[in-house]
Amino acid sequence: MQITDTPAVRAFLRCADNGWQQGWHERNGGNMTYRMRPEEAELCRAAFDETGPWTPLGVRAENLGGQYFIVTGTNRYFQNILVCPEENIGVAQLNADGDAYRIVWGLTVGHKPTSEFPTHIMNHAVRVQATGGASRVIYHAHPVDVIALTFLLPPEARAFSRALWQAMTECVVIFPEGVGVVPWMVCGGVDIALATCKEMERFAAVIWGQHGLFCAGEDFDSTFGMMHAIVKAAEILLKVYASGKPVLQTITDDNLRAIGEAFGLTINGEFLD
Ligand code: 13P
Ligand code: ZN
């Protein structure tokens, strides 16, 4: 079986293309990684070249040592991923210490994983712990409405979580813990990786000021779905703000508590009045 025909890679390709079709990936914007199950990596192993040199990551994820990740390439375009997977995505193996990687398949053009690979790896490390090993996908996109919202709300988890919960009833069901926020920082390095994974200890979604959004999840559907819901809620908020009309009613804190009770959810009480 070709690597690109394996279920894990096919699901990765489909998710990436869905993001492109949503308009979340101008030029090379956005990136994605998938932490492969041992049996998924095994299925591809015959095609892996595990002889290359290790490249330091700049961060250390001890709990991920030796694991394999499907990863988008730096400066590659989401619009081309489905058309030519091996040029635009690859498989990276972490070394035993979890502080360096090598490409074992793919990325035949550019040869380098996303510049946000340190952020992805640190997010995986933290989400694996937060979910008892279930978390597998980290997805970063540049959705217009989420970026626009970062010009209007204070760059704080509480402000964003409340606004998004109030925008659309399902939001508090999808992310009852809220969303994290990292105010504007230089992207593509270790500092933003550490700031983001600190937020990921508590939140499966983290907004980057004037940049975009990171979502984590157990599979592609739930991760993409989280991104989609946040983007839609941001669009609703912007439409309401742009109307210039007074807000006559919203979802109150008591309404949010009632949803929590009805759905058996623990809503982050720090963000309720
Ligand atoms: P890469 O092309 O390195 O993935 O960068 C795109 C991006 O979105 C940076 O945050
Ligand atoms: Zn980005």
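In this report, the structure presented in the accompanying data block is examined. These numbers were taken from a predicted model, which means no experiment stands behind them.

### A few points about the overall build of the protein
At step 1: The secondary structure content of the protein amounts to 11 helices and nine strands.
At step 2: Here the C-alpha atoms of the protein give a radius of gyration of 19 Å, agreeing with the 19 Å that 2.2 N^0.38 yields for 273 residues.
At step 3: Oriented by its inertia axes, the alpha-carbon framework of the protein measures out at about 65 × 35 × 35 Å.
At step 4: Long-range pairs, those at least 24 residues apart, make up 72% of the contacts in the protein between residues at least 6 apart in sequence.
At step 5: Counting every atom, the protein has about 12,200 Å² of accessible surface; 52% of that belongs to carbon and sulfur.
At step 6: For the protein, the distance from the average site of its 20 positive side-chain charges to the average site of its 30 negative ones is 2 Å.

### A word on the site of ligand 1
At step 1: Looking at ligand 1, the residues that line it are Asn-28, Gly-29, Gly-30, Asn-31, Thr-74, Asn-75, Thr-114, Ser-115, Glu-116, His-140, His-142 and His-211.
At step 2: In the environment of ligand 1, an oxygen atom lies 2.9 Å from a nitrogen or oxygen atom belonging to the side chain of Asn-31.
At step 3: When isolated, ligand 1 has an accessible area of 300 Å², and the protein chains bury 94% of it.
At step 4: Classifying every residue of the shell around ligand 1 by side-chain character gives no nonpolar, 11 polar and one charged.

### Details of the coordination of the zinc ion (ligand 2)
At step 1: Summarising the metal site, the zinc ion (ligand 2) is bound by the protein donors His-140 (NE2), His-142 (NE2) and His-211 (NE2), whose distances to it range over 2.0 to 2.1 Å.
At step 2: When the donors of the zinc ion (ligand 2) are listed by position in the chain, the intervening gaps give H-x1-H-x68-H. Of this pair, His-142 sits in the loop between β6 (137-141) and α6 (144-149) while His-211 sits in the loop between β8 (205-208) and β9 (212-217), placing them 69 residues apart in sequence.
At step 3: His-142 gets classed as buried once you look at its relative accessible area, which sits at 16%.

### Here's the deal with the state of the cysteines
At step 1: All chains considered together, the criterion is met by zero disulfides.
At step 2: Cysteine Cys-15 shares no disulfide, and the gap to the nearest cysteine sulfur, in Cys-215, comes to 10 Å.
At step 3: Overall, the relative accessible area of 4% leaves Cys-15 in the buried class.
At step 4: On the basis of relative accessible area, Cys-215 is assigned to the buried category, the value being 0%.

Procedures and definitions
Residues numbered from 1 in each chain as written. Chains lettered and ligands numbered in written order. Predicted model: local features only at pLDDT ≥ 70, side-chain atom pairs only at ≥ 80, totals over all residues. Heavy atoms only, no water. Helix = DSSP H or I, 4+ residues; strand = E, 2+ residues; numbered from the N terminus. Rg over C-alpha atoms; globule rule 2.2 N^0.38 Å. Contact = heavy atoms within 4.5 Å. Areas by Shrake-Rupley, 256 points an atom, 1.4 Å probe, with all protein chains shown as cover. Lys, Arg positive; Asp, Glu negative; His and termini not counted. Charge placed at Lys NZ, Arg CZ, Asp CG, Glu CD. Near = heavy atom within 4 Å. Polar contact = N/O pair within 3.5 Å; in protein donor to acceptor, adjacent residues only side chain to side chain. Nonpolar A, V, L, I, M, F, W, Y, C, P; charged D, E, K, R; others polar. Donors = N, O, S within 2.8 Å, 3.2 Å for Na, K, Ca; no water. Buried < 20%, exposed > 50% of the residue type's maximum accessible area, 1.4 Å probe, protein only. Disulfide = S-S within 2.5 Å.

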